[in-house]
Structures are given as C-alpha cells and as structure tokens.
Amino acid sequence: MTIYRATIVDTPGDPFAGDPAEALAVDQDGALLVRDGVIRARGSFAALRAEHPGEQVTQLSGGMLVPGFVDAHVHFPQIRVIGGLGLPLLDWLERCALPEESRLADQGYARAVAGEFLDGLISAGTTSALVFGSHFPAAMDELFAAAGQRGLNITSGLVLSDRILRPDLLNSPQTALVDSAGLIRRWHERGRLRYAVTPRFSLSASDEMLDVCAQLLAKGVWFTSHINENVAEIAAVAGLFPSARNYLDTYRRHGLVTERSVFAHNVHPGDGELAVLAEHGASVSHCPTSNCALGSGLFPLREHIEYGVHVALGSDVGAGSGLFLPKEALQAYFIQQLLGPGGLALTPVHLLYLATRAGALALGLDGQVGDFGVGKDFDAVWLRPAPRSTLAVNLRHACDATDALARVFSLATPADVAGVWIRGELAADHALPD
Ligand SMILES: [Zn+2]
C-alpha cells in the first residue's frame, strides 16, 4: 500500500445542482491510501499516518492533486492536424481532417498515430476518454492495443459513414456490421477498454447505416456521434432527412438516443431537442476551443442545464486546440461570459467538475473514476508548477482552495503536470521527487 500525501482537491458533488462550494472537497494536508490501484481510505495525512504507520509515503509537496481528467470527445486520427485555423466545419473536414484520416488505412501509420495520441493524453493528465476512432478496423485494433498497454480508460469505436465523405473513408452497412462486431468481440470490456458505436454524423450515415448502429448498440456497448455543430451542417442534414423533426430525430428514430449515448457539440439545439435528450438520459459533450476555432457558435449551457441535459467536456482535437482539459474548461468559462445574461457564470468548482466528474458521469464511469472517493481507481494528476512560474507566484497568493483552482484554470499548461497515475501506476513523472 502507498499513502499519497498532497493537497487533495476534487468535486464529489454537482456544482450545477446547488451551491457550487458544496460540490468541492479539499484536504489541505490530505492523504489517499492506495492498494492495487484502488483508493482504500481518504483523510488528513495525520490521521491516515496514525492508522497505517508502516506504509510507504509518497510526498507530493506543492501544487494540488486532482482526479485524472476525462475527455468526452476527442479524435485519435487527428493528433497530427491540430491548428487548421480559419475554416468552418465542413471546409475544415475536407481540407484538414479527412485527408489525414485517410492515411490511417496504413496500419503502420495508424500505430504511430495511436502512440502519439495516447502519450499526448497522458502528458495532458487525461486518464479516461471517449475517443472518436478511425474509419479503418486495423487502425482501431492499434488504438485499443496501445490503450490497453498503457492502462488508459478508453471507450472508442470504428467510425461509420456510407455517403458524402471521400470514397476511401466509406464503408457499406454490411461491412460496418461485420467489422464492428469483430472489434466488439475483441475489445469491449477487456480491462478498461470499451466499445462505442460511432457513426461520424447522420450527414454521412444513411438510415440503413443508422439501423446497423442500432443493431450494434443492442450488444450493450456505447454510442457517440456529432450533432448541431454548425448551421450549414444542420441545413444539409435537414435536406437529407426530410421526414425527421430535427437533427436529433435522425438518431432517435433508430433508438440511438439513450443513457449510453454521448453527442458532441449541440451548439444549436432546435425546438424540442433538449427535452428529448433529457428524457432519454443522453449526454452532450461541449467542445469549447473547437467551437471557437471553427466559429461554430457559443454553446447554450444554461439551456442544457435547465432542461436537465448532462454536459461533459471534450477537447475535440484536432479542431480543438490541444488535449489539455483545463484549457477547455477555461474556454467554456469565456464562452459563458461572452453570452452575457444568457450565459451561465461558471465558478472554478464548475471547471474542475467539468474536466473530471462530469465526463465520468457521461461515460457511466462515475463508480470508478472522476473523483477520489474510497473504492475508486487512483487516477490522478499532480499539478505543480515550476517554482518561478507565474502560476507558482499566483498559487502562493491564493486565499483558499477555490481561489487556487481559479489560478490553475487560468494559467496551467501541460508543463505544470508533474505526475500522472493510472490505476495506481505512475504513467508520467515530469517532476517527481526521488
Ligand atoms: Zn468531433
């Protein structure tokens, strides 16, 4: 067993449900007792030390220990094409994202990309993610194998499309069914890996393909796709599905809006869509830097919360500008500020919740990860800035834990990630003591 001594900060509560301060838990000189990768006890260091005098202690002095981040929407084949600025969604897909996604037809290329992507997640403190996959089954085998080796908590699946995209990215409903079923057999619930049925969006998936998605979802896996990201995309979907009530309806008619469904974006929800999402217990992944980079729009967070739609946070790399979830949380805060009275003013507690527990809830992983409750996996990020950095200066002048969190979300970068633990295993140790 190991006792980790640190300033421990997490959000076991829901800051959207009441007083945000009550959702926060802080142990200033705290400790977590970890055995076999699982948290067995939590409390003050003095108390845990007295109860377990013989156990090894790992001192994490300075900064704070927070739960591993949970990214609810990120594309593994796009790790090499971040930064394609200046284009709206459909042009960006055609010119930046999809040519790169085609290269993953080469399994060796896919293996290299999967390694870069997963190591990038770990360096950014992300230990769980809902990963938008590749259009190629062999590339998915590479991703799952590499994620399993690293112990990451990854939910992902083969991307399905049978129209509109460049021809080399298309699959027929028949091959989609066979290839996806094979991947589910090989990878779903193998260790921390799970499968998600992943039509790219209904723009590129016919009713027949969405029907195949429903057959696959019935195997007890997860579902993810895109929705209501960009006004031109929404208009094109409406043209392709003239009998659908709205964009969400293109999925709902096939039984794809469920408690196991996570829809990315929803920047422009139409009439009735939020009520249907809430009624079915589906989640939305908000992707702030992507929405800003592509000029997609300002996310109506208040409306989602008022309807009771669960919202998590996604980096949406490569349209998003990096894998570091605290940056997404800060951008979410900026967006709500820009919405003025229509926005939902976010506190630092909301930002930590969005980067951690909100994602765990969206993915049905809240029993395992997202906070430091006893019985949960020890997935953790030690944020400790270099001593002379502006963040270090600011942390020294923070008046309490909430203020310290505000400084972290304003200033932290992946360079401040001093250590990352995945189920108790040290996965990145940039500044650990000997
Ligand atoms: Zn996306």
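What you see is a predicted model; the values in this text were computed from it and never measured. (Residues numbered from 1 in each chain as written. Predicted model: local features only at pLDDT ≥ 70, side-chain atom pairs only at ≥ 80, totals over all residues. Heavy atoms only, no water.)

Caption draft 1: Local environment of the side chain of Ser 134. Relative to the helices and strands, Ser 134 resides in the loop between β7 (126-132) and α5 (137-150). For Ser 134, a relative accessible area of 1% gives the class buried. A polar contact of 3.0 Å, which involves the side chain of Ser 134, links it to the backbone nitrogen of Phe 136. Once you skip the residues sitting within four places of it in the chain, Ser 134 turns out to touch Phe 76, Pro 77, Leu 104, Ala 139, Met 140, Gly 157, Leu 158 and Val 159. (Helix = DSSP H or I, 4+ residues; strand = E, 2+ residues; numbered from the N terminus. Buried < 20%, exposed > 50% of the residue type's maximum accessible area, 1.4 Å probe, protein only. Polar contact = N/O pair within 3.5 Å; in protein donor to acceptor, adjacent residues only side chain to side chain. Contact = heavy atoms within 4.5 Å.)

Caption draft 2: Examining the coordination of the zinc ion more closely. The protein atoms that coordinate the zinc ion are His 73 (NE2), His 75 (NE2), His 226 (NE2) and Asp 316 (OD), at distances of 2.0 to 2.4 Å. Coordination at the zinc ion is irregular: its four donor atoms span angles of 88 to 172° at the metal. For the zinc ion, the donor residues sit on a single chain with the sequence spacing H-x1-H-x150-H-x89-D. You can see His 73 sitting in strand β6 (residues 69-75) and its partner His 226 sitting in strand β11 (residues 222-227), a full 153 residues away along the chain. (Donors = N, O, S within 2.8 Å, 3.2 Å for Na, K, Ca; no water. Tetrahedral: all angles 85-135°; square planar, octahedral: opposite > 155°, others 65-115°.)

Caption draft 3: Quick look at unusual backbone geometry. Residue Gly 318 is bonded to the preceding Val 317 through a cis peptide linkage, with omega at 10°. Inspection of the secondary structure puts Gly 318 in the loop between β14 (310-313) and α13 (325-338). Notably, Glu 189 is not glycine yet its phi reads approximately 60°, a positive angle. Mapped onto the elements of the fold, Glu 189 is located in the loop between α6 (173-187) and β10 (193-199). For His 265, which is not a glycine, the phi torsion comes out positive at approximately 90°. His 265 gets classed as buried once you look at its relative accessible area, which sits at 0%.

Caption draft 4: Just the environment of Ala 380, in detail. The residue Ala 380 is located in strand β15 (residues 380-383) in this model. Sequence separation of Ala 380 and Val 159 is 221 residues, and the distance between their C-alpha atoms is 30 Å. For Ala 380, the contacting residues outside a window of four places in its chain are Leu 65, Val 66, Pro 67, Gly 68, Phe 372, Gly 419, Val 420 and Trp 421.

Caption draft 5: Representation of the state of the cysteines within the structure. What the rule picks out here adds up to zero disulfides. The thiol of Cys 213 is not disulfide-bonded; the next cysteine sulfur, from Cys 287, is found 19 Å away. (Disulfide = S-S within 2.5 Å.)

Caption draft 6: Molecular detail of the pattern of salt bridges. Tallied over the entire structure, the rule returns 19 salt bridges. Notably, a salt bridge pairs Asp 10 with Arg 42, separated by 2.9 Å at the nearest N-O pair. Separated by 32 residues along the polypeptide, Asp 10 in strand β1 (residues 2-10) and Arg 42 in strand β3 (residues 38-44) bring together distant segments of the chain. By relative accessible area, Asp 10 is classed as buried at 0%. Between Arg 42 and Asp 27 there is a salt bridge, and its shortest N-O distance comes to 2.8 Å. (Salt bridge = Lys/Arg side-chain N within 4 Å of Asp/Glu carboxyl O.)

Caption draft 7: The arrangement of the packing of helix α4 (residues 107-123) against α5 in detail. Two elements in contact, α4 and α5, have axes whose closest approach is 9 Å; the angle formed by their N-to-C orientations is 35°. Read as a crossing pair, α4 and α5 show a hand that is right-handed. Taking contact as the criterion, the partners of Gln 107, Ala 110, Arg 111, Ala 114, Gly 115, Phe 117, Leu 118, Asp 119 and Ile 122 in α4 are, on α5, Ala 138, Ala 139, Glu 142, Leu 143, Ala 146, Ala 147 and Arg 150. Classifying every residue of the contact of α4 with α5 by side-chain character gives ten nonpolar, two polar and four charged. (Axes fitted to C-alpha atoms, helices over the stretch in contact; angles between N-to-C directions. Left-handed = near helix turned anticlockwise from the far one by under 90°. Nonpolar A, V, L, I, M, F, W, Y, C, P; charged D, E, K, R; others polar.)

Caption draft 8: Spatial organisation of the environment of Pro 167. Relative to the helices and strands, Pro 167 is located in the loop between β9 (159-160) and α6. A residue is classified by how much of its surface remains accessible, and Pro 167, at 68% relative accessible area, is exposed. Sequence separation between Pro 167 and Val 262 is 95 residues; the distance between their C-alpha atoms is 27 Å.

Caption draft 9: Seen up close, the nonpolar core. Counting residues in each nonpolar core, the largest one holds 111 residues, and the members touching the most others are Phe 76, Phe 117, Leu 118, Ile 154, Tyr 251, Phe 263 and Leu 277. Setting aside residues up to four positions removed in sequence, Ile 154 forms contacts with Leu 118, Leu 121, Ala 129, Val 131, Ala 147, Arg 192, Leu 193 and Arg 194. By size, the runner-up hydrophobic cluster in this structure holds 14 residues, among which are Ile 8, Phe 372, Ala 380 and Ala 418. (Core = buried A, V, L, I, M, F, W, Y, C linked by side-chain atoms within 4.5 Å.)

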